[in-house]
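# Architecture at a glance
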Amino acid sequence: HSPPHSHSHSPKMRNCSSIFPALISCLWISASCSAFVTPSLSSVSSSRAFGQIKSSSKLHAAATPADTDMSDVGFVLLAGGTGSRMKANMPKQFLTLRGQTVLQHSIDLFLETLPEVLKAGPAQVVLVMDPKYQPEYQSIVDQYEGKLVFANPGEERQGSVENGLQKLVDVAPQCKYVAVHDSARPLVTVQEVCDVVADSKEYGAAVLGVPCKATIKESDDGVLVQRTIPRARLWEVHTPQVILIDTLLRGFKKVAEENLEVTDDVSIVEQLGESVKLTLGEYTNLKITTPEDMDVASAILEDERKINE
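Below: a short report on this structure. Bear in mind the structure is a predicted one, so any value in this text is a computation, not a measurement. (Residues numbered from 1 in each chain as written. Predicted model: local features only at pLDDT ≥ 70, side-chain atom pairs only at ≥ 80, totals over all residues. Heavy atoms only, no water.)

Taken in spatial order, the seven strands make up an open sheet running S5-S4-S1-S6-S10-S7-S11, and their pairing is mixed. The sheet is open, and its two borders are formed by strand S5 (148-151) and strand S11 (277-280), each paired with just one other strand. For this sheet the average axis-to-axis angle between neighbouring strands, irrespective of direction, equals 30 degrees. Here strand S1 (residues 73-79) runs beside strand S6 (residues 177-182); their pairing, made up of six bridges, is parallel. The residue bridging Gly74 from the neighbouring strand is Val178, located in S6. Along the sheet face, helix H4 (residues 102-117) touches S1, strand S4 (124-129), S5 and S6 and points at about 165 degrees away from the line of S1. Its contacts with the sheet place helix H7 (residues 190-203) against S1, S6, strand S7 (205-211), strand S10 (235-244) and S11, and it is angled at close to 130 degrees to S7. (Pairing = 2+ DSSP bridges. Helix = DSSP H or I, 4+ residues; strand = E, 2+ residues; numbered from the N terminus. Axes fitted to C-alpha atoms, helices over the stretch in contact; angles between N-to-C directions. Contact = heavy atoms within 4.5 Å.)

Structure follows, in structure tokens:
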């Protein structure tokens, strides 16, 4: 099936804001270590225009978008997943969320919004996508006149990132940093992107994350609890994850030579023994994984739209 390009709202999406309070308690307190707890949806959405979070944490860089220069940053946008848990007839990144595909939300952010509000927008975006879907997006790629290019996915996430990084190096050698983003996270904000990029330029690598709010148990067999992990030290990491390109290239070389297993992009940096900065993000930067996540994301966007009217 071809990915949809319809801009019409489905009835399910239009009506889902009424069920949001119930969804909050049952969807985000899940296998993820982060639970979304807030007195009202409005208090969350009102912070999303530039991603402000009320926190005294010193982890928050609070970069100013108007002063942010991303002319040496390239984005690798991962859209090669199959989305098997969505129970849909196409990958989740092609499903419609508030009138456009989940993927299009990230494309618009990186290639429309960021160039408009920043001192200088991203140098390049590499779209990692299965070749069978690339013809459907060729017209969008052509629209950006070289700023958006395709790369093919690998067998696993690590291979997809490596393919996207190599394409970025080939087409935009001026880039010093790569920002890897999962297209299944369509709600990341301008402020979050600015903050994690600013931190990467100071530390060499940075990742968006939020403190875990749920209690986490460890089990060897999935039957008996082995121990409770102190959550004060636990963070749930999001994307973008931003890394010096030279560092990530060295990391991929080490991972290949030593056959190491890594779970995300900054894990590669950790294998080099180098620092990764935690950048405080938002709990609303959820990952679309199940059909219920689409309802939650739609409700957040609808509430934000009402506040911004």
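Following the structure, the description resumes.
Interhelical geometry of helix H6 (residues 157-171) versus helix H8 (residues 245-258) gives an angle of 135 degrees and a closest axis separation of 11 Å. By the angle class used here, H6 and H8 are oblique. Classified by chirality, the crossing of H8 by H6 is left-handed. Contacts from Gln158, Val161, Glu162, Leu165, Leu168 and Val169 in H6 reach Ile245, Leu248, Leu249, Phe252 and Val255 in H8. Broken down by class, the residue content of the contact of H6 with H8 amounts to nine nonpolar, one polar and one charged. (Parallel < 35°, antiparallel > 145°, perpendicular 65-115°, else oblique. Left-handed = near helix turned anticlockwise from the far one by under 90°. Nonpolar A, V, L, I, M, F, W, Y, C, P; charged D, E, K, R; others polar.)

Moving on, we come to the pairing of S4. For S4, a buried count of six out of six residues is recorded, marking the element as mostly surrounded by other parts of the structure. Across six bridges, S1 lies against S4 in parallel orientation. Following the sheet pairing, Leu78 is matched in S4 by Val128. Bridge analysis of S4 against S5 gives four bridges, and the strand direction is parallel. Note on S5: the bridge partner recorded for Val125 is Leu148. (Buried < 20%, exposed > 50% of the residue type's maximum accessible area, 1.4 Å probe, protein only.)

Turning our attention to the nonpolar core. In globular proteins that are soluble, nonpolar side chains generally tend to be buried together. Membership of the largest hydrophobic core comes to 48 residues, with the highest contact counts inside it found for Met70, Phe75, Leu103, Leu114 and Val193. Looking at this core, the element that brings in the most residues is H4, giving seven residues. Judged by nonpolar contacts, the second largest core, of 25 residues, contains Leu78, Ala151, Val161 and Ile243. (Core = buried A, V, L, I, M, F, W, Y, C linked by side-chain atoms within 4.5 Å.)

A few words on the packing of H4 against helix H5 (residues 134-143). For the pair H4 and H5, interaxial distance at closest approach is 12 Å and the crossing angle is 10 degrees. One way to sum up the angle between H4 and H5 is to call them roughly parallel. Contacts from Leu103, Gln104, Ile107 and Glu112 in H4 reach Tyr137, Ile140 and Gln143 in H5. When grouped by side-chain class, the residues that make up the contact of H4 with H5 number four nonpolar, two polar and one charged.

The next subject is H4. In this model, H4 (16 residues) spans 22 Å end to end at C-alpha, consistent with the 22 Å of a helix rising 1.5 Å per residue. In the structure, H4 departs most strongly from a straight axis at Leu109, where the bend amounts to approximately 40 degrees. For H4, the complete set of buried residues consists of Val102, Leu103, Gln104, His105, Ser106, Ile107, Leu109, Phe110, Leu111 and Leu114. (Expected span 1.5 Å × (residues − 1). Bend = angle between axes of the 7 residues up to and from the residue.)

Let us now look at the packing of aromatic side chains. Within the structure shown, the criterion is met by three aromatic pairs. Ring geometry for Phe94 against Tyr133: centres 4.5 Å apart, planes inclined by 50 degrees, an arrangement best described as tilted. With Phe94 in the loop between S1 and strand S2 (96-97) and Tyr133 in the loop between S4 and H5, the pair connects residues that are 39 residues apart, well separated along the chain. On the basis of relative accessible area, Phe94 is assigned to the buried category, the value being 0%. For Tyr133, a relative accessible area of 9% translates into the label buried. Aromatic pair Phe94 and Tyr137: ring centres 5.8 Å apart, planes at 35 degrees, arrangement tilted. One end of the pair, Phe94, is in the loop between S1 and S2; the other, Tyr137, is in helix H5, and 43 residues separate them in sequence. For the residue pair Phe94 and Tyr137, the accessibility class agrees, reading buried in each case. Connected via pairs of aromatic rings, a cluster forms that spans Phe94, Tyr133 and Tyr137. (Phe/Tyr/Trp six-rings, centres within 6.5 Å; stacked < 30°, edge-to-face > 60°.)

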